[in-house]
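# Reading the structure
Each chain is listed here by its residues.
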Amino acid sequence: MKKRKTFRDILAALLVIFIALQFVRPSIPQQPVTSDIQAPPEVKAILRRACYDCHSNETKLRWFDQISPASWRVAEHIKSGRAVLNFSEWDKIAAPDRAGKLWESVNQAIAGAMPLKDYETIHREAHITEKDLIILKDYLNATVKDHPGDTAKQNAAKQQYQNWIDGKMNSAQLPKTLNGITYMPDYKNWQAISTTDRFDNGTMRVIFGNDIAVKAVHDGKINPWPDGTIFAKVAWDQLENKDGNVTTGAFKQIEYMIKDSRKYADTHGWGFARFKTPQLIPYGKTATFTSECVGCHKPVADRDFVFTSPLKN
Amino acid sequence: MKTGLIVSAAVVLMASCKAPVAPDKIVNNQASLPASFSVNNMHVITSSINKRQQTMSTLYGNRIAVDRARSGKILAAGEQLVLVVWKQKPDENWFGANIPDKIESIEQVSTGNDPSAIGYKRYEGNPLALVSDTTGNKQRIVAIIAQQASVMP
């Protein structure tokens, strides 16, 4: 009899707490739509249905999203979702980066990383179907344009090449990123483990691996990659001639990934660094720029966050 | 309802911890060079793409060739150049990229003590076999030695 009473008391107390919790709801800031993304209606409809709750200022919460404590998680998703990508404030993204964000978005959807799974299980309508993916891919494919004989790009490439062979690019001091990674000029004498034709942004890349990386490929020990592995990925403009032949144009940037499972534990064991233009300007306004790298590499978490399928050469 | 919830929970768990992909599924075996054509003592001079043929290629060189190309000079003595051409395929991990697929051809250009004595060999097919027909060799040599090094600061 006594036991039963205590149980009832606990239940009652929990109920009171639950009700009280409902009065301390997280606030989801109401922000105006300043520049909604421009896209064909069928594309927009998919984004609205599947992404807008977390990536726009037009969040439409259902009653079950508003019950605490679940509402706290929802609010957190919205806050960080809007911070990385906001379709309602599209103009705030620099014009050349907008297309990149869209390709990234579609890739996150293809990989099943977005919409977030715990959200999708409750909001079934947000599910991205095969048909949705076809619409999204067709839309992006149609934006890819070849530009044979682009004289501006040719001139930029010519000038860079001349400076480079004249030895005018050697800076006295090696630049360093805010997370403490120094530029490694010797990447050019490492082995190439693959190349990519990035028609999404008109660049082409060579991915180099240091000796440890190359040995790991030969030994078949690449998931996870061993500590000491370093990748360097170099990107150039694509220079296309009238016959569809594409050569490397201006050097755009170099990116590194350094494996050290302890030192870089916070970023899944990889130290990320990017240096832009031949001036090798370290990328990132703060040391947390790496969350961008991790975010886009996350869909390949089951390959130790590495996209490249290396060649055995 | 209850089973729905259990299934949902299972889906969330599965999605959040996908099993690691096996290493031999990650290596691009199809595009890898046979051991007898290894370029593991060579370095990259440049890479290129042919949009019409949907191929991509990489030009490798020995130390002499790489140093020569990276300083914008003309063919020297003792050079070895290897041009590998692959068919392209879409990158399964990134919509928006193509990566190497099967090898289409491997061409080898070399110079002896006299840089004007140029050797040339072309291999095609699977397994790669020496092509005996020499028509067009001259143009191929010219095209390969004319490739400019990619800017690598």
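Quick caveat: nothing in here was measured; it's all calculated off a predicted structure.

### Things to note about the UniProt feature "domain: Cytochrome P460" (unreviewed entry) in chain B
Following the UniProt record, one finds the feature "domain: Cytochrome P460" (unreviewed entry) at residues 42-107 of chain B. Counting secondary structure, residues 42-107 of chain B comes out at 12% helix and 55% strand; the distance between its end C-alpha atoms is 14 Å.

### Considerations on a nonpolar patch on the surface
All names here are of chain A. A cluster of nonpolar side chains, contributed by Phe-7, Ile-10, Leu-11, Leu-14 and Ile-17, occupies part of the molecular surface with about 520 Å² of accessible area. Turning to its location among the elements, Phe-7 is positioned in helix H1 (residues 2-21). Note on Phe-7: relative accessible area 55%, which makes it exposed.

### Comments concerning the interface of chain B and chain A
Taken together, the contact between chain B and chain A spans 53 residues of the former and 64 residues of the latter. Summed over both sides, the interface between chain B and chain A buries roughly 5300 Å², with carbon and sulfur atoms accounting for 59% of that surface. The tally of links from chain B across to chain A stands at one salt bridge. With a closest N to O distance of 3.8 Å, Asp-197 of chain A and Lys-51 of chain B form a salt bridge. Where chain B meets chain A, there are 35 residue pairs in polar contact (both at pLDDT 80 or more). Those elements giving two or more residues to the side of chain B that touches chain A turn out to be helix H1 (2-16), helix H2 (23-26), strand S1 (43-50), strand S2 (55-61), helix H3 (63-70), strand S3 (80-90) and strand S4 (98-111) of chain B. Per element, the largest residue contribution to the side of chain B that touches chain A is seven residues, and it comes from S1 of chain B.

Conventions and cut-offs
- Residues numbered from 1 in each chain as written.
- Chains lettered and ligands numbered in written order.
- Predicted model: local features only at pLDDT ≥ 70, side-chain atom pairs only at ≥ 80, totals over all residues.
- Heavy atoms only, no water.
- UniProt positions renumbered as here; feature names shortened; annotations may be inferred.
- Helix = DSSP H or I, 4+ residues; strand = E, 2+ residues; numbered from the N terminus.
- Patch = residues over 30% accessible without salt bridge, like charges linked within 9 Å, V, L, I, M, F, W, Y side chains within 5 Å.
- Areas by Shrake-Rupley, 256 points an atom, 1.4 Å probe, with all protein chains shown as cover.
- Salt bridge = Lys/Arg side-chain N within 4 Å of Asp/Glu carboxyl O.
- Buried < 20%, exposed > 50% of the residue type's maximum accessible area, 1.4 Å probe, protein only.
- Contact = heavy atoms within 4.5 Å.
- Buried area = accessible area lost by both parts, 1.4 Å probe.
- Polar contact = N/O pair within 3.5 Å; in protein donor to acceptor, adjacent residues only side chain to side chain.

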